[in-house]
Amino acid sequence: MDAEKLQAQLHRTLSVASAAFQRVPGSSVLTRYIQSSYQNDPVRSAIELILVLFFVRYLLSPSYSTDKQNYVKLTEDEIDELVDDWAPEPLVAEQTTLEALENERIPVIVGPTGPKSKLSNGRTVTNLASYNFYNFNANEQIKEKAVQILRTYGVGPCGPPQFYGTQDVHVKAEADIAAYLGTEGCIVYAQAFSTISSVIPSFCKRGDIIVADRAVNFSIRKGLEASRSVVKWFDHGDMDNLDAIMSSVAKEQAKAKRLTRRFIVTEGLFETVGDASDLPKLIELKEKHKFRLILDETWSFGVLGRTGRGLTEAQNVDPQQVDMVIGSLAGPLCAGGGFCAGAKDVVEHQRITSTAYTYSAALPAMLAVTASETVNLLQSNPEILNQCRENIKAMRAQLDPRSDWVICTSVPENPVMLLVLKPEVVQARKLGVEDQERILMDCVEEALTNGVLITRLKTRPFAYAMKSPGSSGSAQPALKICITTALSKKDIEKAGTTIRHAITKVMTRKTNSKSA
């Protein structure tokens, strides 16, 4: 009786399973295939069944052996000894003597940043250490708009883009920047530094070829490192050397019959040198050797060109000839975040694959609106750029031709003036990088004592970045002077004279101390 019940139960189960299988789309086709296969070649059916079972077992089995012990069994004493000997690496490298000295001297600004800033010690100084080139910080129109957006949207979206983090102001900011530059599309990031360091690995993968300028900034180097691509370096600003390297890459790949993605990575205005790229020549070479161009305009966007559109406008190049234009919404635009402009496919690709875009909160609405407002101001009021350039000329006239100790490596249109010690001074005194850093730190301190706040180029991060073969891995130490339209020509000339005298005083003091 029990056997009959069991047989009946099994029959019902099979009937239910058969009915359920028949409802699956394509089940009848599979049933006919199995029947015809068994009738025509039962051996093949048996082999196919064995392969299906093996495949299922392979998927369900672990990727490592669960029977064998693949580790060395230690005694309790050995474990205690290893724990006692283990010393974790510090999350942050210890401060050098130079860094500790610099941190002691850092001035603290109280209140808003402006052309005249109040320090925590009560003194008011001329501020030439801020990227507030056009004094947008004090623009009442921008302030009112920012407060209005803050009350409407809140402090931040608190969510990633493409989900509940993207708001209408982000879409408008992207459209405004794309229209301003003349590109098909634009994508806005929440942080300027991570924009280029995320864009590069979004397009460049293992095995791809990147040819980069030896003077590229720290964030670009982190992007090159993250991409795991083959990186080749060309001498700074040397188009002949770039042509030779690109030609060599093209010939090697043609000979090996292997084609990969190939990119040129460079800057519009170089952060560590202050000079500009030869964009027409770069376009010519990229078309000649079939490369793509990634141009970092972090320091040239909002600065170069008649209306601040950057290197493309300054050198009369169609922006659509550049595959990717990366820029910053901080600095001269007084907002925050960064952007990448280019073809629509380039932009949409980043919305899925770019880590800094996908895995971070969206840009606060207030900063997105500020970026749109400042872009519109630059378009409608290009005279402000001419005023800034007049102040740059006034400052250069007080420093570069008149100083016996320093030269300016920045191009005349760059509001960030980089002053480096003259090569003959460095050679005559046998100054190393740290010696130059100390001298320039003393120059900053002396200028601050006389009422002018300037700063230095930060070279320390380059010690932890990808280095080009044959280079020291460190940027040239330099004083950094940021020009602003908020100061009159007379104020600029006075500040320039103060800086020049501070440099002379420090250098002559060093000379006298060495002589003694």
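Quick note: structure is the one above.
Residues numbered from 1 in each chain as written. Predicted model: local features only at pLDDT ≥ 70, side-chain atom pairs only at ≥ 80, totals over all residues. Heavy atoms only, no water.

### Some remarks on the environment of S248
Counting through the fold element by element, S248 comes out in helix 10 (residues 239–256). For the pair S248 and S117, spaced 131 residues apart in sequence, the C-alpha separation works out to 53 Å. (Helix = DSSP H or I, 4+ residues; strand = E, 2+ residues; numbered from the N terminus.)

### Some words on unusual backbone geometry
With a phi angle near 50 degrees, K257 is a residue other than glycine that sits in the positive phi range. Owing to a relative accessible area of 80%, K257 belongs among the exposed residues under this scheme. Phi angles above zero are rare outside glycine, and K430 is one such case at about 55 degrees. With respect to the element layout, K430 can be found in the loop between helix 17 (423–429) and helix 18 (433–449). (Buried < 20%, exposed > 50% of the residue type's maximum accessible area, 1.4 Å probe, protein only.)

### Regarding the sheet that holds strand 15 (residues 479–482)
Spatially, four strands are ordered 11-12-15-14 in an open sheet, and the strand pairing comes out antiparallel. Among the strands making up the open sheet, the edge pair consists of strand 11 (406–408) and strand 14 (455–456). With three bridges connecting them, strand 11 and strand 12 (residues 416–421) associate as antiparallel partners. Following the sheet pairing, C408 is matched in strand 12 by L419. (Pairing = 2+ DSSP bridges.)

### What about the sheet that holds strand 5 (residues 209–213)?
Spatially, seven strands are ordered 4-10-9-8-7-5-6 in an open sheet, and the strand pairing comes out mixed. Every other strand in the sheet has two partners, leaving strand 4 (185–189) and strand 6 (230–234) as the edge strands with one partner each. The average undirected angle you get between the axes of adjacent strands in this sheet is 20 degrees. Summarising the sheet, strand 5 and strand 6 pair through five bridges and their orientation is parallel. Paired with I209 across the two strands is V230, which belongs to strand 6. Against the sheet, helix 13 (residues 344–353) touches strand 4, strand 9 (324–328) and strand 10 (338–342), its axis set at about 30 degrees to strand 4. (Axes fitted to C-alpha atoms, helices over the stretch in contact; angles between N-to-C directions. Contact = heavy atoms within 4.5 Å.)

### Focus on helix 9 (residues 218–227)
Here helix 9 lies mainly inside the structure; seven of its 10 residues are buried. Within helix 9, the full set of buried residues consists of F218, S219, I220, R221, G223, L224 and S227.

### A look at the side chain of R351
Along the chain, R351 turns up in helix 13. Relative accessible area serves as the criterion here: at 14%, R351 is assigned to the buried category. Side-chain polar atoms of R351 contact the side chain of Y357, separated by 2.9 Å. For R351, the contacting residues outside a window of four places in its chain are Q162, E174, C186, I187, Y357 and T358. (Polar contact = N/O pair within 3.5 Å; in protein donor to acceptor, adjacent residues only side chain to side chain.)

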